[in-house]
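Fold and geometry: a report
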Amino acid sequence: MQAVEGAAALDAPAKAIGKWVRGAFAREPLKDALSGTWLGHAVHPVLTDVVIGTFLSSTLLDLLGGDDGERARRRLVGAGIAAAGPTVMTGANDWADAEPVDDGVRRSGLVHALSNSTALLLYAGSLGAAGRRAAALRLGGAAALLAGGYLGGHLSFAKGVGPDQTVYDPGPADWTPAAGAAELIDGRPMRVVVGDTPVLLLRDGEQLFAIHDRCSHRGCSLSDGSLEGDEIVCSCHGSRFDRRDGAVRQGPATAPQPAFEVRINDERVEIRRLAA
């Protein structure tokens, strides 16, 4: 992983691909569909299970199923190929939103895509072969698929591409001072840090609102965005959240923003997280 993430030569092609993907998938409702806004979490991991499951099952039949399962092997490979299209699109969409701010994500994501593309080509090639040659192509595809899966796991669990960016930071459970009441300007989002939690405060006349300031999608500061009616619009990728309860109004975010109760106590704005 150190070698992959240190390979600066990958930057030029990866940046070009990322820019193209962001442009190609920018329109709604395609963006929300690929991101998983409708599902409540990323779609890509669900689809990878289909591709990996069908492809590796065909290889297991090569190793354990004898000579009578060639029709089943071909059907499994065909199902994996059919699922590969939407899997590639959802993965590219998730990666393209994250790669501009992280060299490691950019480089390992490109190698992840190359590994999986190699696996796809090898498995597809096995459909035009027979006997040991087809089995060898499927075995090579399995090796490339496992390498790609390792890189995909690294992107998700080590680099944080996909998970809700607020999940480990719910905010204070008890009333905690956040800012002076006089500091709030009507209609202008204000970022404060309460303990270790970034919070967006907003005054609208006599009403006060507070939601987590770190966008659940890719961690951008929501206070750098804009206010449109009852919605906070993220400046990075355009996700929209209800200012009252943090609900997702439009993706690509899939998870809501944690929202807080707000009160003024002795000229200080205090917040605490909403009870579950």
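To be clear, the structure that these remarks concern was listed above.
As a starting point, this report considers the structure included with it. Since the model is a prediction, treat every value here as computed from it, not as a measurement.

A few words now on the sheet that holds strand β6 (residues 231-233). Taken together, 4 strands build an open sheet; the order of strands is β5-β6-β7-β8 and the sheet is antiparallel. Unpaired on one side and paired on the other, β5 (226-228) and β8 (248-250) mark the two borders of the sheet. When the angles between neighbouring strand axes are averaged without regard to direction, this sheet yields 35°. Of the pairings in the sheet, the one linking β5 to β6 comprises 3 bridges and is antiparallel in character. Across the sheet, residue Ser226 finds its bridge partner in β6, namely Val233.

Let us now look at the nonpolar core. Formed by 13 residues in total, the largest nonpolar core has its most connected members in Ala178, Val192, Val194, Val199, Leu201, Ala210 and Ile271. Element by element, the count of residues in this core is highest for strand β2 (residues 190-194), at 3 residues. Apart from residues no more than four positions distant in its own chain, Ile271 is found in contact with Pro172, Asp174, Trp175, Thr176, Ala178, Val194, Val199, Leu201, Ala210, Phe260, Glu261 and Val262.

Side chains of Leu60, Leu63, Leu64 and Leu139 sit close together on the surface and give an oily, nonpolar patch of about 450 Å² of accessible area. Broken down by element, the nonpolar patch gets its largest block of residues, 3 residues, from helix α4 (residues 44-64). You can see Leu63 is positioned in helix α4.

For the rest of this paragraph, the subject is the side chain of His154. Take His154: it is sitting in helix α7 (residues 131-158). The exposure class assigned to His154 is buried, which follows from its relative accessible area of 15%. When sequence neighbours within four positions are dropped, the list of residues in contact with His154 reads Met1, Glu5, Ser108 and Lys159.

Per the stated rule, a full pass over the model turns up 25 salt bridges. Of the charged contacts, one joins Glu231 and Arg249 as a salt bridge, the two residues approaching to 3.0 Å between their closest N and O atoms. Of this pair, Glu231 sits in strand β6 while Arg249 is found in strand β8, placing the two residues 18 residues apart along the sequence. Taking the shortest distance from any N to any O, the salt bridge between Arg249 and Asp242 comes out at 2.6 Å. Since its relative accessible area comes to 39%, Arg249 is described here as partly exposed. Each of the salt bridges in this network shares a partner with another, and the network as a whole consists of Asp204, Glu228, Asp230, Glu231, Arg240, Asp242, Arg243, Arg244 and Arg249.

Next up on the list: the pairing of strand β3 (residues 197-204). Burial runs high along β3: 7 of the 8 residues are buried. What sits between the antiparallel neighbours β2 and β3 is a turn of 2 residues, in which Gly195 has the positive phi angle 65°. In this sheet, strand β4 (residues 207-212) lies alongside β3 in antiparallel orientation, the contact comprising 6 bridges. Paired with Val199 across the strands is His212, a residue of β4. The antiparallel hairpin formed by β3 and β4 contains 2 residues in its connecting segment, where Gly205 sits at a positive phi of about 65°.

Let us now look at the state of the cysteines. Under the criterion given, the structure shown has 1 disulfide. One disulfide bridge connects Cys220 with Cys236, the sulfur atoms lying 2.1 Å from each other. On the sign convention where negative means left-handed, the S-S torsion of about -105° between Cys220 and Cys236 marks this disulfide as left-handed. Of this pair, Cys220 sits in the loop between β4 and β5 while Cys236 sits in the loop between β6 and β7 (240-242), and the two are 16 residues apart along the sequence. Assessed through its relative accessible area of 16%, Cys220 is described here as buried.

Further remarks concern the packing of aromatic side chains. Under the counting rule described, the total for this entry stands at 1 aromatic pair. On the basis of an interplanar angle of 10° and a centroid distance of 4.3 Å, the ring pair of Phe55 and Tyr123 is categorised as stacked. Here Phe55 is found in helix α4, whereas its partner Tyr123 is found in helix α6 (residues 103-126), with 68 residues between them in sequence. Both residues of the pair, Phe55 and Tyr123, count as buried.

If you check α4, its first and last C-alpha atoms are 30 Å apart, about what 21 residues at 1.5 Å a residue would give, namely 30 Å. When we look at burial in α4, the residues that qualify are His44, Leu47, Thr48, Val51, Thr54, Phe55, Ser58 and Thr59. Around the axis of α4, the buried residues are gathered within 145° of arc, so they sit on the same side. Summarising the geometry of α4, the exposed residues directed more than 90 degrees from the buried face are Asp49, Leu63 and Leu64. The secondary structure elements touched by the buried residues of α4 are α5 (70-98), α6 and α7.

Criteria and cut-off values
Residues numbered from 1 in each chain as written. Predicted model: local features only at pLDDT ≥ 70, side-chain atom pairs only at ≥ 80, totals over all residues. Heavy atoms only, no water. Pairing = 2+ DSSP bridges. Helix = DSSP H or I, 4+ residues; strand = E, 2+ residues; numbered from the N terminus. Axes fitted to C-alpha atoms, helices over the stretch in contact; angles between N-to-C directions. Core = buried A, V, L, I, M, F, W, Y, C linked by side-chain atoms within 4.5 Å. Buried < 20%, exposed > 50% of the residue type's maximum accessible area, 1.4 Å probe, protein only. Contact = heavy atoms within 4.5 Å. Patch = residues over 30% accessible without salt bridge, like charges linked within 9 Å, V, L, I, M, F, W, Y side chains within 5 Å. Areas by Shrake-Rupley, 256 points an atom, 1.4 Å probe, with all protein chains shown as cover. Salt bridge = Lys/Arg side-chain N within 4 Å of Asp/Glu carboxyl O. Disulfide = S-S within 2.5 Å. Phe/Tyr/Trp six-rings, centres within 6.5 Å; stacked < 30°, edge-to-face > 60°. Expected span 1.5 Å × (residues − 1). Arc of directions from axis to C-beta.

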